[in-house]
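Observations on the model geometry
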Amino acid sequence: MQRGGALPCPDQPRYSLAMKWTLPNLLTAMRLLAAPGIAVMFLFFTRPYADWFALVLFVAAAITDWFDGHLARTWKQVTKLGTMLDPIADKAMVVIALMVIVGYSSMSPWLVLPATVILFREVFVSGLREFLGDTAGTLKVTKLAKWKTTAQMVAIAVLFAQGVFEHYLGMSTFGLDHALFEDIIANREEDVLGLRWKYQGMIWAGNVGVVLLWIAAALTLITGWDYFRKAVPFLKD
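Analysis parameters
- Residues numbered from 1 in each chain as written.
- Predicted model: local features only at pLDDT ≥ 70, side-chain atom pairs only at ≥ 80, totals over all residues.
- Heavy atoms only, no water.
- Helix = DSSP H or I, 4+ residues; strand = E, 2+ residues; numbered from the N terminus.
- Buried < 20%, exposed > 50% of the residue type's maximum accessible area, 1.4 Å probe, protein only.
- Contact = heavy atoms within 4.5 Å.
- Polar contact = N/O pair within 3.5 Å; in protein donor to acceptor, adjacent residues only side chain to side chain.
- UniProt positions renumbered as here; feature names shortened; annotations may be inferred.
- Salt bridge = Lys/Arg side-chain N within 4 Å of Asp/Glu carboxyl O.
- 1 Å grid on protein atoms, 1.4 Å probe; cavity = no way out; pocket = protein on both sides within 12 Å on 5 of 7 lines; lining within 4 Å.
- Points joined across faces, edges and corners; volume = space filled by probe spheres on them.
- Nonpolar A, V, L, I, M, F, W, Y, C, P; charged D, E, K, R; others polar.
- Domains from an automatic or database assignment.
- Phe/Tyr/Trp six-rings, centres within 6.5 Å; stacked < 30°, edge-to-face > 60°.

1. Let's talk about the side chain of K148
The topology assignment puts K148 in helix α5 (residues 143-172). Assessed through its relative accessible area of 4%, K148 is described here as buried. Setting aside residues up to four positions removed in sequence, K148 forms contacts with R121, E122, A216, L219, T220 and T223.

Written out as structure tokens, the structure is:
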């Protein structure tokens, strides 16, 4: 018999503080930790190596974004921990990557404007979900929101690739006469340094990345408005 305390009630529910670390949850956690790693690459490595490492890290993290959800559903391992971590990891990856790209783009307005729209929407929707609390399930992720995330991921990966092309081109043209460079690009001189494909890669990756980022920004506005419209009934006094 126990002394100095009440006997435990057999019908009393027991709560465990242990979280379920399944493989999908581990992949999600790794993606979350990889987000600040993108910025760290530019602190410890020079370009274009930092661009390469950031690109590989971002693409690997984006791939796990598909795998962790797929595995969780297939293996019936959808958990509260994974449900909580997944959107945080996605937002952290996008926000930090955009911060790095905009910062190293000399604040190009073609990148600053769509990046601002994307960041504003992420903060706005996160605030809505926090305010709604238990009723936040009203703001379920839609198919259009998934397309938005895909467009963001592809745009960011392409823009990192643009940085790789740009800096390899800069390394190859260091000390080269500008007139000779233009002649090589215009195919009037022999291209022994492989400048044309680096230049074309830089131009194409830059243009495609910017277009995709603007598409992502447009989808961001549409999905943000959709979430706000669904939240309006809960905001009335």
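2. Considerations on helix α6 (residues 178-185)
Taking the backbone nitrogen of A179 as reference, a side-chain oxygen 3.1 Å away marks D177 as the first, capping residue of α6. N187 sits one or two positions beyond α6 and adopts a positive phi of about 70°.

3. Observations concerning the UniProt feature "transmembrane region" (unreviewed entry) in the protein chain
UniProt feature "transmembrane region" (unreviewed entry): in the numbering of this structure it lies at residues 21-43, 49-67, 88-105 and 203-228. Structurally, residues 203-228 is divided into 100% helix and 0% strand, and its ends, taken at the C-alpha atoms, are 37 Å apart.

4. Notes on the pattern of salt bridges
Under the defined criterion, the tally for this structure stands at 9 salt bridges. Its salt-bridge partner being R31, residue D90 comes within 3.1 Å of it at the nearest N-O pair. Taken together, the residues span a long stretch of sequence, with D90 in helix α3 (residues 80-103) and R31 in helix α1 (residues 23-44) at a distance of 59 residues. A relative accessible area of 1% means that R31 is categorised as buried. The partner of D226 in a salt bridge is R229, and the shortest N-O contact between them spans 2.5 Å. In this pair, D226 and R229 both sit in helix α7 (residues 195-231), 3 residues apart, roughly one turn of the helix.

5. A look at the environment of R121
Topologically, R121 is positioned in helix α4 (residues 109-132). Classification of R121 as buried rests on a relative accessible area of 5%. Once the C-alpha coordinates of R121 and A217 are considered, the two residues, 96 residues apart in sequence, prove to be 9.1 Å apart. The residues contacting R121, other than those within four sequence positions of it, are K148, T220, T223, G224 and Y227.

6. Focus: the layout of surface pockets
Volume-wise, the largest pocket comes out at about 1500 Å³. Around the largest pocket, the lining comprises 45 residues; the ones closest to its centre are D65, D86, D90, V141 and K146. Elements with a minimum of two residues in the lining of the largest pocket: α1, α2 (49-74), α3, α4 and α5. In terms of residue count, the dominant contributor to the lining of the largest pocket is α2 (11 residues). Taken together, the residues of the lining of the largest pocket break down into 20 nonpolar, 12 polar and 13 charged. Mapping the lining of the largest pocket onto the domain boundaries places at least three of its residues in each of domain 1 (22-104) and domain 2 (109-236). If you go around the second largest pocket, you meet 19 residues; those closest to its centre are S105, L111, L159, Q162 and E166. Secondary-structure elements contributing two or more residues to the lining of the second largest pocket are α3, α4, α5 and α7.

7. Re the packing of aromatic side chains
For the structure on display, the rule yields 10 aromatic pairs. Each ring, one from F120 and one from F124, has its centre 6.1 Å from the other, and the planes form 15°; the classification is stacked. Placement of the pair is F120 and F124 together in helix α4, with a separation of 4 residues, close to one helical turn. Its relative accessible area of 60% is what places F120 among the exposed residues. Residue classification places F124 among the partly exposed residues on the basis of a relative accessible area of 33%. Aromatic side chains W225 and F228 sit 5.8 Å apart centroid to centroid with 40° between the ring planes, which places their arrangement in the tilted category. On the criterion of helical spacing, the pair formed by W225 and F228 is a turn pair, its members being 3 residues apart in helix α7. Assessed through its relative accessible area of 57%, W225 is described here as exposed. The class of F228 is partly exposed, set by a relative accessible area of 26%. An aromatic cluster is present here, built from F42, F58, Y104 and F160 joined pairwise through their rings.

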